[in-house]
Amino acid sequence: MSRDDGDVDIYLPPNEMRAVLHKDRVKVRIVRFDRKGRPEGRVVEIIERSEQPIIGRLLQESGVWLVAPEDKRYGQDILIPKNAIGTAKPGQVVVVELMEPPALFGQPVGRIKEVLGEVDDPGMEIEIAVRKYSVPHEFSDACIALARGLPDKVRPQDKRHRVDLTDVPLVTIDGEDARDFDDAVYCEPSTQGRGKSAVKGWRLLVAIADVSHYVDTGSAIDIDAYERATSVYFPRRVIPMLPEKLSNGLCSLNPEVERLCMVCDMFVTVEGEVAAYQFYPAVMWSHARFTYTEVAAILANTKGPEAARRKERVGDLLNLSDVYHALLAARQKRGAVDFETVETQIVCDENGRIEKIVPRTRNEAHRLIEEAMLAANVCSADFIGQSKHAGLFRVHEGPTPEKNELLRNYLKATGVGMTISDNPAPAEFQAIAMATKERPDAQQIHSMLLRSMQQAIYTPINAGHFGLAFEAYTHFTSPIRRYPDLLVHRVIKAILGKTKYHLPVLPTPGEAHAKLSRRIEKSDAAKLKLSGQKPKKASAEQMAWLAAGLHCSANERRADEASRDVEAWLKCKYMREHLGEEYSGVVTAATSFGIFVTLDAMYVEGLVHITELGGEYFRFDEARQELRGERTGMRYAIGSRVRVQVSRVDLDGRRIDFRLMREGEELLSRAMKDKGLAHDGAARGAADGLPAKASQKRARKAEVARERAPKSPIHELKAAVKKAASKTRGHKSRRKP
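Thresholds, definitions, all that
- Residues numbered from 1 in each chain as written.
- Predicted model: local features only at pLDDT ≥ 70, side-chain atom pairs only at ≥ 80, totals over all residues.
- Heavy atoms only, no water.
- Helix = DSSP H or I, 4+ residues; strand = E, 2+ residues; numbered from the N terminus.
- Buried < 20%, exposed > 50% of the residue type's maximum accessible area, 1.4 Å probe, protein only.
- Contact = heavy atoms within 4.5 Å.
- Areas by Shrake-Rupley, 256 points an atom, 1.4 Å probe, with all protein chains shown as cover.
- Salt bridge = Lys/Arg side-chain N within 4 Å of Asp/Glu carboxyl O.
- Phe/Tyr/Trp six-rings, centres within 6.5 Å; stacked < 30°, edge-to-face > 60°.
- Lys NZ or Arg CZ within 6 Å of the ring centre and 35° of its normal.
- Expected span 1.5 Å × (residues − 1).
- Pairing = 2+ DSSP bridges.
- Axes fitted to C-alpha atoms, helices over the stretch in contact; angles between N-to-C directions.
- Polar contact = N/O pair within 3.5 Å; in protein donor to acceptor, adjacent residues only side chain to side chain.
- Parallel < 35°, antiparallel > 145°, perpendicular 65-115°, else oblique.
- Nonpolar A, V, L, I, M, F, W, Y, C, P; charged D, E, K, R; others polar.
- Left-handed = near helix turned anticlockwise from the far one by under 90°.
- pLDDT = per-residue confidence, 0-100.

J.: I'm lost on the overall build of the protein chain in this one. Help?
T.: Counting its regular elements, the protein chain contains 18 helices and 28 strands. Here the protein chain holds 737 residues, and the buried ones make up 48% of them. For the protein chain, long-range pairs separated by at least 24 residues make up 67% of all intrachain contacts whose partners lie at least 6 apart in sequence. As displayed, the protein chain offers around 37600 Å² of accessible surface, 51% of which is attributable to carbon and sulfur atoms.

J.: Honestly, the pattern of salt bridges in this entry has me stumped. Any pointers?
T.: Two side chains that carry opposite charge are able to pair once their charged atoms sit near each other. All chains considered together, the criterion is met by 45 salt bridges. Between Asp265 and Arg203 there is a salt bridge, with its nearest N and O atoms 2.7 Å apart. Linking Asp265 in strand β14 (residues 258-269) with Arg203 in strand β11 (residues 199-209), this pair joins segments that are 62 residues apart in sequence. When the shortest N-O distance is used, the salt bridge between Asp621 and Arg624 registers 3.8 Å. We classify Asp621 as partly exposed; its relative accessible area is 25%. Given a relative accessible area of 27%, Arg624 falls into the partly exposed group. Taken together, the salt bridges that share partners define one network made up of Glu70, Lys132, Asp565 and Arg654.

J.: How should I be thinking about the packing of aromatic side chains in this particular structure?
T.: The geometry of an aromatic ring pair comes down to the distance between the two centres and the angle between the two planes. Going through the model one piece at a time under the given rule, you end up with 10 aromatic pairs. Centre to centre, the rings of Phe279 and Phe476 are 5.4 Å apart; their planes meet at 75°, and the pair counts as edge-to-face. Of this pair, Phe279 sits in strand β15 (residues 274-285) while Phe476 sits in the loop between β20 (457-459) and α12 (483-496), placing them 197 residues apart in sequence. Neither residue differs from the other here; Phe279 and Phe476 are each classed as buried. What links up through ring pairs into an aromatic cluster is the set Tyr277, Phe279, Phe383 and Phe476. Note that Arg228 overlies the ring of Phe139, its terminal NZ or CZ placed 3.7 Å from the centroid. Sitting over the face of the ring of Phe290, Arg310 holds its NZ or CZ atom 4.4 Å from the ring centroid.

J.: Help me out: how do you make sense of α12 in this one?
T.: Because each turn of an α-helix spans 3.6 residues, side chains separated by three or four positions in sequence point in the same direction. Between its first and last C-alpha atoms α12 spans 20 Å; for 14 residues at 1.5 Å apiece the expected length is 20 Å, and the two agree. Of the residues making up α12, those classed as buried are Tyr483, Pro484, Asp485, Leu486, Leu487, Val488, His489, Arg490, Val491, Ile492, Ala494 and Ile495. Lys498, located one to two residues past α12, shows a positive phi value of around 55°.

J.: Help me understand the sheet that holds strand β26 (residues 635-637), please; the structure alone is not making it clear to me.
T.: Judged by pairing direction, the sheet is antiparallel, and its 3 strands sit side by side in the order β24-β25-β26 without closing on themselves. Both outer strands of the open sheet, β24 (618-621) and β26, are each paired with one neighbouring strand and no more. Strand after strand, the sheet turns through a mean of 20° between neighbouring axes, direction not considered.

J.: Just to check I follow, could you spell out the sheet that holds strand β22 (residues 594-599) for this structure?
T.: Strand-to-strand pairing in sheets goes through backbone hydrogen bonds, with the strands running parallel or antiparallel. Judged by pairing direction, the barrel is mixed, and its 5 strands sit side by side in the order β21-β22-β23-β28-β27 before closing back on the first. Each neighbouring strand pair of the sheet contributes to a mean axis angle of 50°, computed without reference to strand direction. Summarising the sheet, strand β21 (residues 582-591) and β22 pair through 6 bridges and their orientation is antiparallel. Bridging from a neighbouring strand, Gly585 pairs with Leu599 of β22. Sheet contacts for helix α14 (residues 540-576): β21, β22, β27 (641-650) and β28 (655-660); angle to β27, the most-contacted strand, approximately 100°.

J.: Sorry, what's going on with the environment of Arg49 here?
T.: Secondary-structure assignment places Arg49 in the loop between β2 (39-48) and β3 (54-61). The spatial distance from the C-alpha of Arg49 to the C-alpha of Arg25 is 6.4 Å, given a sequence separation of 24 residues. If we skip the residues at most four places from it in the chain, Arg49 touches Ala19, Val20, Leu21, Asp24, Pro101 and Pro102.

J.: Would you mind showing me how to read the side chain of Thr414 here?
T.: Counting through the fold element by element, Thr414 comes out in the loop between α9 (401-413) and α10 (426-436). For Thr414, the side chain forms a polar contact with the main-chain oxygen of Leu411, separated by 3.3 Å. Non-local contacts of Thr414, meaning those with residues more than four positions away in its chain, are made with Arg439 and Arg624.

J.: Hey, could you run me through the packing of helix α5 (residues 292-300) against helix α7 (residues 314-334) in this one?
T.: Helix-helix packing is characterised by the crossing angle of the two axes and by the distance between the axes. Direction vectors running N to C along α5 and α7 enclose 90°, while the axes themselves pass 10 Å from each other. One element, α5, and the other, α7, form an angle in the roughly perpendicular class. Packed against α5, whose contacting residues are Val295, Ile298 and Leu299, the element α7 presents Val314, Leu317, Leu318 and Ser321 at the interface. Looking at side-chain class alone, the contact of α5 with α7 contains 6 nonpolar, 1 polar and no charged residues.

J.: Would you mind showing me how to read the pairing of strand β1 (residues 25-33) here?
T.: Each regular strand carries side chains that alternate between the two faces of the sheet. In terms of strand pairing, β1 meets β2 through 8 bridges, oriented antiparallel. For Arg32, the partnering residue across the bridge sits in β2 and is Glu40.

J.: Please clarify how unusual backbone geometry should be interpreted in this entry.
T.: For residues besides glycine, phi is generally negative; the peptide bonds are generally trans as well. A positive phi angle, near 80°, is found at Lys23, a position not held by glycine. Assignment of secondary structure puts Lys23 in the segment before β1. On the basis of relative accessible area, Lys23 is assigned to the partly exposed category, the value being 26%.

J.: Can you walk me through the pairing of β21 in this structure?
T.: Among the 10 residues of β21, 9 are classified as buried, and the element is accordingly described as predominantly covered. For β21 and β27, the ladder comprises 5 bridges, and the chain directions are antiparallel. Paired with Val586 across the two strands is Arg641, which belongs to β27. Where β21 folds back onto β22 in an antiparallel hairpin, the turn is made up of 2 residues.

J.: Would you mind going over the packing of α9 against helix α11 (residues 442-451) with me for this structure?
T.: The N-to-C vectors of α9 and α11 enclose an angle of 165°; their axes lie 10 Å apart at closest approach. Between α9 and α11, the angle falls in the class roughly antiparallel. Note that α9 runs across α11; the crossing there is left-handed. Contact residues: α9 offers Lys403, Leu407, Tyr410 and Leu411, while α11 offers Gln444, Ile445, Met448, Leu449 and Arg451.

J.: Help me understand the environment of Thr217, please; the structure alone is not making it clear to me.
T.: Looking at the element boundaries, Thr217 is found in the loop between β11 and α3 (220-228). Since its relative accessible area comes to 36%, Thr217 is described here as partly exposed. For the pair formed by Thr217 and Pro504, sequence separation is 287 residues and the distance between their alpha carbons is 6.4 Å. Each residue touching Thr217, except ones within four places of it in the same chain, is listed here: Asp222, Arg490, Tyr501, His502 and Pro504. In this structure the side chain of Thr217 is engaged in a polar contact, spanning 3.2 Å, whose partner is the side chain of Tyr501.

J.: I tried to follow the confidence of the model for the protein chain on my own but got confused; where do I start?
T.: When pLDDT is low, close inspection of the predicted coordinates is not appropriate. For the protein chain, per-residue confidence averages 85 on the pLDDT scale, and residues scoring 70 or more make up 85% of the total. Between the elements of the protein chain, mean pLDDT differs from a low of 36, seen in helix α16 (residues 681-687), to a high of 98, seen in α12. Every residue in residues 677-715 scores below 50 in pLDDT, and together they form 37 contacts with partners more than four places removed in sequence or on other chains. Under a pLDDT of 50 for its full length, residues 727-737 has, in the predicted model, 13 contacts with residues more than four places off or in other chains.

J.: Explain the environment of Ile480 to me, please; I cannot follow it from the model alone.
T.: Here Ile480 shows up in the loop between β20 and α12. Residues Ile480 and Ala209 lie 271 residues apart in sequence; the distance between their C-alpha atoms is 7.4 Å. Discounting residues that sit within four places of it in the chain, Ile480 has contacts with Asp180, Phe181, Asp182, Ala209, Val211, Ser231, Met241, Leu242, Ser247, Cys251 and Ser252.

Here it is in structure tokens:
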């Protein structure tokens with residue numbers, strides 16, 4: 001159970017979970033502590049029942065209809081009366097609305113609210129995720145009607161009081177599969193001042209789609225956009241924050257059409273410092289739609305075929321490259337944290353099946369656009385801060401004292417020879433990253449550096465951005481897909497117009513908002529305790545902005561969780577086709593119950609349970625983040641190279657299990673594969689050089705481990721059905737043929 005005060009979770013044993021379900025709010029009394037000091041509780045009161053619908057598969061066994069929840073945390077199957085099934089068929093994925101909550105001696109009862117389809121239907125994983133995480137995926141009728149009434153193109157009256165930039169060769173640079181274009185860029189050499197005091201540099205224009213011109217505060221489109229707070233990206237599908245007419249049409253900076261934009265016009269010195277900037281509304285004309293791959297090829301070879309096709313824009317791209325290198329030098333001087341991490345892209349066929357999983361490589365064009373956007377975002381934060389107007393900042397704080405201490409111990413234990421101060425600067429992290437990048441365990445060290453940092457949030461209280469080493473930072477560059485950016489645009493326009501922007505009346509915060517709010521309150525209380533300061537009472541306006549920031553931050557996490565859930569589902573389906581196959585991989589995490597391994601060839605992560613590591617006791621060393629065998633001293637730490645076999649895939653639990661392969665086992669496995677024989681437990685014993693009795697003993701141990709391992713929902717469902725049927729009929733149930 002997750003506590004409201006943010007303290008350590010309380011364990012509820014199975015008998016205490018019979019009358020409650022996942023997401024219910026309860027009052028609990030702590031009755032004991034286990035040998036590790038973890039609290040165990042007893043439910044004394046059910047405060048509030050969750051109203052969230054439950055997604056699962058409809059099954060019939062021994063005449064009883066049940067839904068096995070897709071989310072294992074529910075822990076109980078839902079009984080469905082015959083008259084509440086509707087048109088659903090056995091095996092289909094359905095959405096259930098509870099009619100009766102669970103009781104100590106009775107299962108929950110529900111009715112089928114919606115039939116999603118068959119479990120193997122293309123896109124089913126997305127349909128499940130949007131409902132599981134309560135992601136709004138249908139626009140209101142009022143929103144659709146309002147969007148339909150918007151113009152199809154920029155009208156003469158829309159251009160009033162705007163700077164005409166249609167003759168400036170602004171271009172967009174995005175991915176091959178991009179459909180909405182938020183930003184356009186242009187750069188030219190420039191000089192500020194005259195004579196001996198003249199400063200050389202570049203004029204950098206970042207033009208961002210002016211969504212705020214079409215989405216009025218408090219309108220039906222605005223209400224739906226706020227509820228979503230962000231677009232959600234899945235493989236092959238996007239759930240947009242704005243209706244398609246805006247996101248892919250009127251607001252998207254498509255090539256060779258007029259579009260309204262907000263411009264951050266900057267002068268960047270040769271040292272990479274933004275010496276001057278101004279904001280203004282404009283009308284633009286995108287002169288080209290580039291892809292990252294295309295721009296990287298042109299910059300790598302200005303006489304190549306890509307450059308020949310775009311020869312009129314090559315000079316502008318070279319100017320952008322020059323200003324990028326200046327901004328990059330300033331970034332390095334600033335000491336911003338810059339780890340190179342591997343992101344993956346799932347490539348699916350037209351039926352939604354994974355064809356391959358490939359690394360998403362970042363080239364110079366990606367970094368060029370990133371630095372331009374960072375510069376515009378910093379100017380936005382500075383503009384809002386200088387005006388003293390309320391707004392949302394993107395805040396990323398340094399590590400907590402607890403994580404600071406954990407990281408120090410780790411660096412000491414691994415013999416890095418460097419450490420961090422009590423109040424570390426980003427440059428300290430970057431220095432450690434640079435000093436260790438050639439070490440064999442560099443990935444392990446960089447992973448620990450990343451894990452020690454906090455997550456970034458949206459808040460009206462500026463506390464800087466630790467990772468980027470900025471004193472003030474906000475999001476200005478993506479109003480098509482992020483609501484905080486839209487709010488920043490409105491605030492900037494209000495400052496330019498010498499007025500004040502007031503937030504609309506916002507909907508009631510959701511569960512994710514409340515959870516994040518408790519976490520932040522706990523963090524703030526700890527900081528106040530350390531500083532000895534008394535908490536300041538926030539004004540009504542600041543409270544409104546705090547609520548908006550919390551809502552956007554929580555929904556950003558919700559979108560990330562939903563995307564990860566879909567990716568995990570797809571990877572599990574993909575790996576089901578590779579059961580029994582062997583792969584090389586690297587340990588990406590070590591825990592007290594095993595190691596997580598990411599496969600080299602597929603970028604898929606799975607668990608090697610501690611019982612699969614060998615016939616000895618392994619102890620988890622938290623300081624070194626490794627498992628170490630007490631008898632042999634065998635170590636498994638982040639970055640260790642291993643070879644594994646895909647042993648089990650649990651689609652419902654989004655879990656892939658690996659079995660560690662040793663040298664002898666690999667040879668035997670290959671030999672048996674050549675002969676078409678199975679690689680069973682006895683063969684494993686022989687491969688380890690064990691006598692028959694030892695092999696049988698290991699087999700028995702493995703069988704016990706399997707019995708104790710968490711069962712899949714289907715197995716749990718069958719057990720529950722048999723139990724229920726035996727109670728109702730008074731005799732042992734028999735499965736229908």
